[in-house]
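Listed here are the chains, written in short residue letters.
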Amino acid sequence: MTSKIGFIVNPVAGMGGRVGLKGTDGVVKKAEELGARPVAPIKAEQAVKEFLSMHHEGDVKWFTCSGVMGEDELKKAGVKDIKIVYFLKSGEIGTTAEDTKKVCKKFLEENVDLVFFCGGDGTARDIFEVVKDKTPVLGIPSGVKMHSGVFGINTSASAKMLHEFVNKRLTIGDVEILDLDEEKYRKGEWNIRIFGVAKGIIEPTYVQVGKTVFKSVSDDEIKDELSEHIADEMNMHPDYLYIFGSGGTIDYIAKKIGVENTLLGIDAVYKKKLVGKDLNEEGLLRVLDKHPKAKVILSPIGAQGFILGRGNLQLSPRVIKRIGLDNIIVVSTPSKLISTPVIRVDTGDKQLDHEFAEKEYMMVVIGYKLSRVVRIQTNNF
Amino acid sequence: MKEKTEFLEREYKELEEKGYTWVIRDLLGPSDVHVNVEGKECIMLASNNYLNLANHPKLKEAAMKAIERYGAGAGSDWSIAGTMDIHQKLYRKIAEFKNTEDAVTFQTGFAVNAGVIPQLAGKGDILISDELNHGSIIDGVRLTKADRAIYSHSNMGELEKVLQDADKKNYRRAIILTDGVFSMDGDIAKMDEICKLAEEYGAMVYVDDAHGEGVLGDGHGIGREFDLEKKIDFQVGTFSKAFGSFGGMLAGSESLIKFAYNTARTWLLSAAFPPHVAAANIAALEVVEEEPERVKKLWDNTRYFKKEIESLGFDTGYSQTPIIPAIVGDSKKAKELAENLYKEGIFALAIVFPMVARDKARIRNQMNAGMTREDLDKILSAYEKLSTKLKLV
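Predicted, not measured: the structure shown is a model, and the values here were computed from it.

Caption draft 1: Focus on helix H15 (residues 373-389) of chain B. Residues and elements named next belong to chain B. Counted at 1.5 Å a residue, the expected span for H15 with its 17 residues is 24 Å, and the 24 Å between its end C-alpha atoms agrees. Buried residues in H15 make contact with strand E2 (40-44), helix H13 (293-311), strand E10 (323-329), helix H14 (331-343) and strand E11 (346-347). Positive phi shows up at Lys 391, right after H15, with a value of about 50°.

Structural data, given as structure tokens:
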């Protein structure tokens, strides 16, 4: 039986990441000015190509939007049987939220079996607003934020999942749609909202599940311990620059140590003084020029367990190579490790990912002077 | 202050609501294969009395004679004035039994771990611990100022990664700590690999063999089983399980024992166990040596029961020893099964979350050398009946 796939690309998704913006909703121009280039169309095309290499095209009928929001990518990937369900009014990008919703309405009319999209949490949210739980959704991760459970862990995984879905080897299950309020997010306020429960493709190893929020007293106690551990570490090596990653755990630690941290940004601390706030890739490289001996403190982000490649694209391959793999300190509450028994790395640099893969395991600090071995998973699977 | 003792009742209630509280059952009479649990005759499946020595005439006789000769108590700490010649005789017997230079006893196995581990490591050292180690090891480790690292259960790849990482960080000492036999799953530590890795990276090895003594290595424990008696730096054990009596032990080099005498606070600051306990312990080790058929019978029972319960469709997990879990899934099911077994005249313990993973709740069946084929068949037929009744397998 032929599968009907609704395919949609948010061409501006992920553009803000490397230039230190935390999303592109409403700030596409600023991202472009800062030198950002579209990444989603390339990832979308790559995913479709990988899917086609695994799958016989005849079994699938593609429904999509004209131009950059799907048609171009499908054509470049080599798909011929395409039905355009919606035509973009202008070539301008930046109005995609509304366009996305309109395309999804058409998908529903066409009764597609799956909405396959490329974007971030914002895109997932726009799609969900229309399709609700009527049609399953699968995402190729290309945004800055991907907390929602609809994404494969990378382009290849999403392609593989689509293949498995078309072959009916994967089941449909509930996944949460999560997103941060982008305005508040840019101001450093952690405001996760659950937008609802969508239907997703369930594949336990690869699919990102919704970010599990642990808000118990004991977790705070653990974070206190982690703070003490990091404080000790900083006292032991006072000549090092400390780069604080993003996320709730790191933020807690930084505040406990007395550093005014950017919740979702990357900050640099030297001799307990903030020497760089909310740094982008260039900013990080500059501060590393001044202080070449550096350690970076990271924590798995959300239930996906990513320490690099999700939500902290400023920590680019260049930055990480400069710091050195041995100078990465990973901290986590044990409760987080229960839902993310592996930590994931997706730097976008094959050689660097390979170096992580070769380590196989990382020591993750889970308490004061207490660590445990946790397996690393990169996208080389 | 905001409150006083009212929290005791409140917090107990919370535990009770979650179903985490223990129901303590009284045994009316000795711990044996057949026991009287609050008036009901049962087969005992929940004791650690693997060799059925708890009620053995030789142990009882030795204890009674010792009471006649030495009295009921030791009168002091071992360190001050509580060490009697019968204690010394026991130390020598343990060292001979374990094939180590020397040995000493503690009040309990818990007291060994809680007292000795904190003295072995401090700042600049690392303690490396299997994630499923017994709580007493965990507590002992917590009492140190050393760095601590945990590896996934019996995962030698991970253990090596910790050692490699520790090597880079230039620690003064590293000690790998492990149970010999893991009490929830009944699997055996990979001692050969652990000792090999320890040697390669210059680490020491600490083993708590509480469930392996009397069971492995013809009853001598994990050291004999793997022919590593001289390679394990710190051997911890207990007389309260297969040996049927009471008290913890530490065996190893002469210098270890001298060190422990002078530093282990649980040893130094609590009283010596009574002389009749020492006498029963000596008798227990003698019986293990004199009656090798006990260990053999224990293993015959283990093999038979494991094979039969598996053929009923029960998952026994990773069991390699007389601890044979019957994994049924969720906690409620396991508790229901334990209650039903009790009605059938079988006293067994349900092990539930959070002691084991949520979906791995189980009945922990513990074999006993004193069980006859009839006893085992009675247990198995109860399992067969209940697995249909409760839709378990």
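Caption draft 2: Representation of the domain arrangement of chain B in the model. By the assigned domains, chain B splits into domain 1 (6-55 + 293-389) and domain 2 (57-290). Elements with a contribution of two residues or more to the side of domain 1 of chain B that touches domain 2 of chain B: H13 and E10 of chain B.

Caption draft 3: Spotlight on the sheet that holds strand E13 (residues 361-366) of chain B. Residues and elements named next belong to chain B. Spatial strand order, E10-E13-E12: three strands in an open sheet with antiparallel pairing. Since the sheet does not close on itself, it has two edges, and those belong to E10 and strand E12 (349-351), each with one partner. On average, each strand axis in the sheet is inclined to that of its neighbour by 30°, with strand direction left out of account. Where E10 lies against E13, six bridges are found, and the strand directions are antiparallel.

Caption draft 4: View of helix H2 (residues 57-70) of chain B. Residues and elements named next belong to chain B. Here H2 contains 14 residues, and its C-alpha end-to-end distance of 20 Å stays within 8% of the 20 Å for a straight helix at 1.5 Å per residue. If you check which residues of H2 are buried, you get Leu 59, Ala 62, Ala 63 and Ala 66. Relative to the axis of H2, the buried residues are bounded by an arc of 95° and lie together on one face. Exposed side of H2, more than 90 degrees from the buried face: Pro 57 and Glu 68 are the residues found there.

Caption draft 5: Structural context of the packing of H2(B) against helix H12 (residues 275-290) of chain B. Residues and elements named next belong to chain B. With their axes 8 Å apart at the nearest point, H2 and H12 run at an angle of 150° to one another. When the axis of H2 is compared with that of H12, the two are roughly antiparallel. Between H2 and H12 lies a crossing of right-handed hand. The segment H2 lies against H12, with Lys 58, Leu 59, Ala 62, Ala 63, Lys 65, Ala 66, Ile 67 and Tyr 70 engaging Pro 275, His 276, Ala 279, Ala 280, Ile 282, Ala 283, Ala 284 and Val 287. By residue class, the composition of the contact of H2 with H12 is 13 nonpolar, one polar and two charged.

Caption draft 6: A look at the nonpolar core. Formed by 167 residues in total, the largest nonpolar core has its most connected members in A:Ile297, A:Val330, B:Ile128, B:Ile175, B:Ile176, B:Leu250 and B:Ala284. In this structure, B:Leu250 is in contact with B:Ala103, B:Val104, B:Phe106, B:Val112, B:Val116, B:Val236 and B:Ala260, ignoring residues within four places of it in sequence. Core analysis: the second largest hydrophobic core is formed by 57 residues, A:Cys104, A:Phe116, A:Phe128 and A:Ile153 among them.

Caption draft 7: Structural context of the interface of chain B and chain A. Chain B puts 10 residues into the contact, and the matching count from chain A is eight residues. The set of elements that each furnish at least two residues to the side of chain B that touches chain A consists of strand E5 (147-151) and helix H7 (156-168) of chain B. Here the side of chain B that touches chain A gets five residues from one element, more than from any other, and that element is E5(B). By residue class, the composition of the side of chain B that touches chain A is four nonpolar, one polar and five charged. Both strand E16 (residues 370-377) of chain A and E5(B) contribute to a ladder of three bridges, which runs parallel. Counted as the bridge partner of A:Ser371 is B:Ala149 from E5(B).

Caption draft 8: Local environment of the pairing of strand E11 (residues 294-298) of chain A. Residue and element names in this part refer to chain A. Burial of E11 is extensive: four of the five residues sit out of reach of the surface. Alignment of strand E8 (residues 241-244) against E11, held across four bridges, turns out to be parallel. The partner of Ile 243 across the bridge, within E11, is Val 296. Direction of pairing for E11 relative to strand E13 (residues 328-331): parallel, over a ladder of three bridges. Bridge pairing links Leu 298 to Val 330 in E13.

About the thresholds
- Residues numbered from 1 in each chain as written.
- Chains lettered and ligands numbered in written order.
- Predicted model: local features only at pLDDT ≥ 70, side-chain atom pairs only at ≥ 80, totals over all residues.
- Helix = DSSP H or I, 4+ residues; strand = E, 2+ residues; numbered from the N terminus.
- Expected span 1.5 Å × (residues − 1).
- Contact = placed C-beta atoms within 7 Å.
- Domains from an automatic or database assignment.
- Pairing = 2+ DSSP bridges.
- Axes fitted to C-alpha atoms, helices over the stretch in contact; angles between N-to-C directions.
- Buried ≥ 20, exposed ≤ 12 C-beta atoms within 10 Å, placed from the backbone.
- Arc of directions from axis to C-beta.
- Parallel < 35°, antiparallel > 145°, perpendicular 65-115°, else oblique.
- Left-handed = near helix turned anticlockwise from the far one by under 90°.
- Nonpolar A, V, L, I, M, F, W, Y, C, P; charged D, E, K, R; others polar.
- Core = buried A, V, L, I, M, F, W, Y, C linked by C-beta atoms within 7 Å.

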